[in-house]
Amino acid sequence: MRTTSLISLGLSIASLALPSQAIELDLSNEASIKSAASTVTYGMMKYYHGNETGQTIGLLPWPYYWWHAGAMFGSLVDYWYYTGDTSYNEATTNAMIFQAGPTADYMPENQTKSEGNDDQAFWGMAAMSAAEVNFPNPAKGKPGWLALAQATFNSQALRWDTKTCGGGLRWQIFTFNNGYNYKNSISNGGLFNLGARLAMYTGNTTYSDWAVKVWDWIEGSGLMTDDYYVYDGSDTTTNCTDPSKIQWTYNAGIFLLGAATMWNITGEQLWRDRTMGLWNATHVFFRDDKVMYEVACEPGGNCNVDQHFFKAYLARWMAASTKVAPFLSDLVAPYLAASAMAAAASCSGGTDGVTCGTKWFSNTSDLTVTWDNTWGVGQQLCALEAIQSNLITKVQGPLTNKTGGTSQGDDSAGSGGDSDPTKMKKITDADKAGAVILTILVLAGWVGAMFWLII
């Protein structure tokens, strides 16, 4: 039976069974969804070797980058949240603590020289999710999930750059990396998303003030249109006057959850309108049969390693948005359902017969979805989030420190000891004295060197 015919007739997609489907999925059966999620997760974790002797905890092998691992472990937090299966909790906790680095702000020494603001944000958002769902807390003496999310936010707020484009975060953190001259939506979306969620969890309006600040900049920079389409980014060398108009699923999703959370905090019609606008704009990523696809690369079959991960985040944040903005629930549900069924149908390849592919749609005359002969962590991750997100009605919404959240926080984490990242650290008399002494020593060394050269 064709997917499109059932949807057009308005029949329950929960009972849909695609002929080529290797992973059995009945969306009316909670146990079936959990079983399918378990199968996909098992396939995904075959790529991870960080818990083996001689490997680095929290990293995936080539060709995967650091942020891909953060994306994966964030989804494993979701997996536990939706299914209750603790099989991967230890690996997840170990990875998220180890990769936090010595300063506990997701700036680890093995990645610092190459990571971007978006990379750091994905790990920080994974920690934020762990706090919101009461993922088992780290051992005593280790930073809490909330503190890790706060440290990520604070360190990024300190990088807000008003020297070009009137504000915004750059894609890259350091000047020597390609992309430093690019201000992109995903980096700024990470700050917006974290700000809104931290505001909700802690009740601290400093975070929501920052969320408003980021939103205003995104709108003013032209990276979000009046119709709420989110573009990829802009070049600082042209003062962000000519944005790249490519659209990606995760850019839409990251702003959708942030806006929905801001509506939950404020109750303002403005944020409801923005949330609805963003939701309506996501329709560019869905086919007529409500199946999600990466519009910029999937039709041509030219998605790169990064882009194979993006759909996972639109699915995740669509589902999460319904918990903080319930008016989205009935709107989002059929799109998650259709995408989950199609994703499960794509998981019919490889030597195990359940390896997931990239495309969840078919161009054949009978519209049968089958494996497209692609595989990887990103393909497994996207299928996982699409499938398990259909359990969103079975779980509680995000917790806060007033509604049962137990994660330990640190307001000043990642900000050099100042709880307000907009302020520079105060210069003390000791600092001034130290500067004088250092200047004297430098001058003395210079004079000594000149004397030695003359002699």
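Keep in mind that what you see is a predicted model, and the values were worked out from it rather than measured.

A. Spatial organisation of the pattern of salt bridges. Throughout the structure, instances matching the rule amount to 10 salt bridges. One salt bridge in this structure joins Lys46 and Asp352, with 3.5 Å as the shortest N-O distance. One end of the pair, Lys46, is in the loop between helix H2 (30-45) and helix H3 (66-83); the other, Asp352, is in the loop between helix H12 (329-346) and helix H13 (377-388), and 306 residues separate them in sequence. Given a relative accessible area of 43%, Lys46 falls into the partly exposed group. For Asp352, a relative accessible area of 35% translates into the label partly exposed.

B. Quick look at the state of the cysteines. In this structure the tally under the stated criterion is three disulfides. Sulfur-sulfur distance for the disulfide between Cys165 and Cys240 comes to 2.1 Å. Between Cys165 and Cys240, the S-S dihedral sits near 80°, and the bridge is therefore right-handed. Note that Cys165 is positioned in the loop between helix H6 (145-157) and strand S1 (182-184) and Cys240 in the loop between strand S2 (233-235) and helix H9 (249-266), a separation of 75 residues in sequence. Cys240 carries the same exposure label as Cys165, and that label is buried. The disulfide that involves Cys347 links it to Cys356, with 2.0 Å between the sulfurs. Taking the sign of the S-S torsion, about 100° here, the bridge from Cys347 to Cys356 comes out right-handed. Cys356 carries the same exposure label as Cys347, and that label is buried. Cysteine pairing for the chain, with bonded cysteines counted in sequence order: 1-2, 3-4, 5-6.

Analysis parameters
- Residues numbered from 1 in each chain as written.
- Predicted model: local features only at pLDDT ≥ 70, side-chain atom pairs only at ≥ 80, totals over all residues.
- Heavy atoms only, no water.
- Salt bridge = Lys/Arg side-chain N within 4 Å of Asp/Glu carboxyl O.
- Helix = DSSP H or I, 4+ residues; strand = E, 2+ residues; numbered from the N terminus.
- Buried < 20%, exposed > 50% of the residue type's maximum accessible area, 1.4 Å probe, protein only.
- Disulfide = S-S within 2.5 Å.

Limitation: the analysis is restricted to geometry and does not speak to function.
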